[in-house]
Amino acid sequence: MSNPEHTLGVTPPISTALPTDSEKRQTDALLKELRAQGTFESQAETDKRWAVLADLQRITNEFVKRAAQESEPHNSILIRDARGRIFTYGSFRLGVYGPGSDIDTLVVVPKYVTVKQYFEIFPKLLEEMAPPGAITDLTPVPEAFVPIIKFEYSGISIDLIFCSIQSLRQLPDDKEWNLNNNNLLRGLSENEVRSLNGTRVTDEILALVPEEKTFKLALRAIKLWAQRRAIYANIMGYPGGVAWAMLVARVCQLYPKATGAVVVRKFFTIMLNWPWPLPVLLKNIEYNQSITRVAVWNPKIYPSDRNHKMPIITPSYPSMCATHNVGRSSMAVIQQELERGVQIAEEIMLGKRPWKDLFEKHTFFTNGFKFYLTVISSGRTKEAQNTWSGFVESRVRVLVQKLELHPSIALARPFNKGYDRVHRCKTDAQVEEIQTGNLSYMVKPTDTATNGNAKNESKVEVKAEIKTEDGVAPDPAVPAVKEEPNDVVHLGTVPLKPEETRIKPEAKDEDHDKVKLADIPEKEPEIEIYTTNHYIGLQLVEKAKSLDLSREVDDFKAMCTSNDIFKAELMGLTIQHVRNFDLPDDVFEPGETKPVKPVKKKKRMAEGDPANGPMAKRQQMATAPPPIKSEH
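Here the structure is a predicted model, which means the values were calculated and not measured. (Residues numbered from 1 in each chain as written. Predicted model: local features only at pLDDT ≥ 70, side-chain atom pairs only at ≥ 80, totals over all residues. Heavy atoms only, no water.)

Peer 1: Please give an account of the pairing of strand S3 (residues 135-141) that cites residues and values.
Peer 2: Across five bridges, S3 lies against strand S4 (residues 148-153) in antiparallel orientation. Its bridge partner being in S4, Thr 136 is matched across the sheet by Glu 152. Between the antiparallel neighbours S3 and S4 lie six residues. (Pairing = 2+ DSSP bridges. Helix = DSSP H or I, 4+ residues; strand = E, 2+ residues; numbered from the N terminus.)

Following this line, the structure appears as C-alpha cells:
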C-alpha cells in the first residue's frame, strides 16, 4: 500500500479532507448493499481459488523442466534450475472478484521454452497432474493473437496466457520477483508484450492508489453499477474492467483520504464533467524508452490515437488506450448513465435514497427503444458456433460505427452481451426459419444448460440478469420479423448418408409375427442448431421518414463471411430488424413488463366527414413510425 501522504497522479489532490461520521456510515451501508447484491464470495471459495493457483504453479514448474529436457537434454544444471511462474491479472489480481468469476492467469517461462511446447506439453500435464476429473472444457487456442489455453479447474474458469522472457535464461528463485522491470520487455513481440502487460497494468494500478481498501470497495460498486446498466464490455464499445478500474483509481488519487462512498459519489461528478478527449492518466506517460517496438499512445504522432473519444491510458510502459473501441453512441449512453448516477448518488449521501437504487437494472429491452437490429450468428455444431459467434461478436461494433453514420439514426446502442440459444428441428426450411429469428424450435432451458442465457454469465461482472421465463420457450405464435431470402447467408446443407437419414427401432423376436418392421413409422432425424443473438437499439432522428440499412447490412455480412473463419457448410449470419413488442421473451426477467403493440383506435366516420378525408389520412401517415429496410 502506498504512503497516503505521497502525492499520486499527474495533478495534486482536489481534497485531503478526512471523512465525516456521516460518510463513514454511508460507506458501511454501501458495503452492506454490495454483500446483499452477492458481489462477495465465501472464504471457502476464495481458499479454493488459491489452492487451484498453487496447483497451477506446481504444474508450471514441471512443464518448464520437461521443456528444458526436450530443448537441452544433456544440460543437467539447466534442467535442475528450470522453473516458471504463475501471475494473475484482472479482477482477481485487483481483489474485486466474486462468485463465478474466472481467474485471468499468465504463465511466465525462460527464453528456451517455446509457444509450440506450451501447446504440446501443458495441456497433457494439466490432465496428468490435476486431481482426476478436475480439468474440464480444455480448449487450447493457438491461433489467438495472445496464446491462450482455456479450461475449468475444479469448476473455476481459467484463461491461461503465455509469455517466454527472451532476456532471461532462467527465472529468479525469488517469490517476490515481479514483472515491473521494463527491461523484461526486450526482444518480445507485440502479442508477448500484451501478455505481460495484463499483470503489469493491474500491479501498477494498485501501486498508484493511496488506499487499496477504499479503492477496492469503490471499484466493486462501480463495476456492479456498470454491469447492471449494461455499459460494461470492451468488445462491444464500452469500458472494460481495467478501464473502469483506472477511472476509479484516478478519483482515489484526487480524494486520497475519502471513504468508499465518497469516492463513488465523486466518481460520477468528475467523470460526467471530464473534458474528453483529454486522457485520464494515473501517471505521466513514459515516452523516452527504446525497449520495445510496440507504439506508445501518442495523439501528437498517430492519427488513430487522435480519434479516441474517451481515452483512458494504461500506466505501464508501453502505455496504451484501454477504450479505443468507445464510439459516439456508446459514449452518449455512458454520459446518460453518469448523469443518472450523479443524481442518485447525491440523494444517497443525503440519506434520501438507498444504495440499491444505484444498482437498478437497465431498461434496454423494457423501455429503451422502439426499433432494434439483431445480428444472428448460427452454427451446426457447438464448436463451430463458439468460433464463429466469437468472431461476429468482435465485429458488431464495426456495424454500430456504420449505423452511426446513417443520416436517419441519432444513436445506435449495442447491448453488452449476446444471447446463446439451442434449437432442434427436422428440415432445412426450419433451419432457415431459425436463422431469421424464429424461436419455435428452441430447446427449453431445462434441456440444455446454455440455452437462452446471456454470454459470459459465469463471471460476476456479467452475472446472470436475464433469464428465460419459468423455463418455458417463447410462444411460437409471437410473430418473427424475417428478412428476404437474399438477406440471409444460409446454413449449408450437410448431406446425410442414406443409412443415416432414418432411424428405425429394432424389432423384437416375439413381436415379429405381429408387426412388420416396414410398418413401423420411421423417426425423423433432428438437426441441432446453435445461435447467438446480439441486439442493437436504434434511436432515430426526429421526423425520420424511412430507414434503408441494406448497404450497412450487406457490408457487414460481406466483411464477416469473407474471413477464413467462415465455413458456409457449418455457419450462417442474418441481420433482421425487430420492433420492441416483437422481442423474444427470454430477454426479459420474470416480473418485467414486455412492450406491447399499440392498438390503433378505429372510429366509424360518417360520409363526408372531413376527419375521414385525404388530409386526415396524410396526417395519420405522418405520425406513423418509419419503415426500416435492411434488404435490397
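Past the structure itself, the notes keep going.
Peer 1: So what's going on with the packing of aromatic side chains? Residues and values would help.
Peer 2: Taken as a whole and judged by the stated rule, the model has 28 aromatic pairs. Relative to Phe 365, the ring of Phe 364 has its centre 4.8 Å away and its plane inclined at 85 degrees; by these criteria the two rings are edge-to-face. Phe 365 carries the same exposure label as Phe 364, and that label is buried. When the ring of Phe 364 is compared with that of Tyr 372, the centres are 5.6 Å apart and the planes differ by 65 degrees; the resulting orientation is edge-to-face. Tyr 372 carries the same exposure label as Phe 364, and that label is buried. A connected cluster of aromatic rings, assembled from ring pairs, spans Phe 364, Phe 365, Phe 369, Tyr 372, Phe 415, Tyr 419, Tyr 535 and Phe 588. Above the ring of Phe 40, the side-chain terminus of Arg 35 is found at 4.4 Å from the ring centroid. In this structure, Arg 220 is placed above the aromatic ring of Phe 40, and the distance from its NZ or CZ to the ring centre is 4.0 Å. (Phe/Tyr/Trp six-rings, centres within 6.5 Å; stacked < 30°, edge-to-face > 60°. Buried < 20%, exposed > 50% of the residue type's maximum accessible area, 1.4 Å probe, protein only. Lys NZ or Arg CZ within 6 Å of the ring centre and 35° of its normal.)

Peer 1: Which residues make up the pattern of salt bridges, and what are the values?
Peer 2: Taken as a whole, this structure holds 20 salt bridges when the rule is applied. Lys 216 is paired through a salt bridge with Glu 212; the nearest N and O atoms lie 3.5 Å apart. Of this pair, Lys 216 and Glu 212 both sit in helix H7 (residues 212-228), separated by four residues, roughly a single helical turn. Looking at Lys 216, the relative accessible area reads 24%, which means it is partly exposed. Taking relative accessible area as the criterion, Glu 212 reaches 23% and is therefore assigned partly exposed. (Salt bridge = Lys/Arg side-chain N within 4 Å of Asp/Glu carboxyl O.)

Peer 1: How would you explain the UniProt feature "binding site: Mg(2+) 1" (unreviewed entry) in the chain if you had to name every residue and give the values?
Peer 2: Mapped onto this numbering, the UniProt entry annotates "binding site: Mg(2+) 1" (unreviewed entry) at Asp 102 and Asp 104. Summarising the element assignment, Asp 102 is placed in the loop between helix H4 (90-94) and strand S2 (103-109). When its relative accessible area of 17% is taken as the criterion, Asp 104 is described as buried. (UniProt positions renumbered as here; feature names shortened; annotations may be inferred.)

Peer 1: I'd like a rundown of the sheet that holds S4, residues and numbers included.
Peer 2: Pairing is mixed across the open sheet formed by five strands, whose spatial order is S1-S2-S5-S4-S3. The outermost strands of the open sheet, each flanked by one partner alone, are strand S1 (85-89) and S3. Taken pair by pair, the neighbouring strands of this sheet meet at an average axis angle of 25 degrees, ignoring direction. Sitting on the sheet, helix H5 (residues 115-129) is in contact with S2, S3, S4 and strand S5 (156-164), with an inclination near 175 degrees to S3. (Axes fitted to C-alpha atoms, helices over the stretch in contact; angles between N-to-C directions. Contact = heavy atoms within 4.5 Å.)

Peer 1: Explain the environment of Lys 48 to me, and be specific about the residues and the numbers.
Peer 2: With respect to the helices and strands, the residue Lys 48 is situated in helix H2 (residues 43-71). Each C-alpha atom of the pair Lys 48 and Ser 154 lies 8.7 Å from the other, and the pair is 106 residues apart in sequence. Sequence-distant contacts of Lys 48, that is, excluding residues within four places in its chain, are made with Ser 154 and Ile 156. Looking at Lys 48, its side chain comes within polar contact range of the main-chain oxygen of Ser 154, at 2.7 Å. (Polar contact = N/O pair within 3.5 Å; in protein donor to acceptor, adjacent residues only side chain to side chain.)

Peer 1: Could you give an account of H7, with specific residues and numbers?
Peer 2: The end-to-end C-alpha distance of H7 is 24 Å, a good match for the 24 Å that 17 residues give at a rise of 1.5 Å each. Burial within H7 is extensive, with 14 of its 17 residues counted as buried. Positioned one or two residues after H7, Ala 230 has a phi angle of 60 degrees, which is positive. (Expected span 1.5 Å × (residues − 1).)

Peer 1: Which residues make up unusual backbone geometry, and what are the values?
Peer 2: Backbone torsion omega between Trp 276 and Pro 277 reads 10 degrees, so that peptide bond is classified as cis. Looking at the element boundaries, Pro 277 is found in the loop between helix H9 (260-272) and helix H10 (303-306). Cis peptide bonds are those with omega within 30 degrees of zero, and the linkage from Tyr 317 to Pro 318 qualifies with -10 degrees. Phi is positive for Ser 154, which is not a glycine, with a value near 55 degrees. Tracing the sequence through the fold places Ser 154 in the loop between S4 and S5. Since its relative accessible area comes to 28%, Ser 154 is described here as partly exposed.

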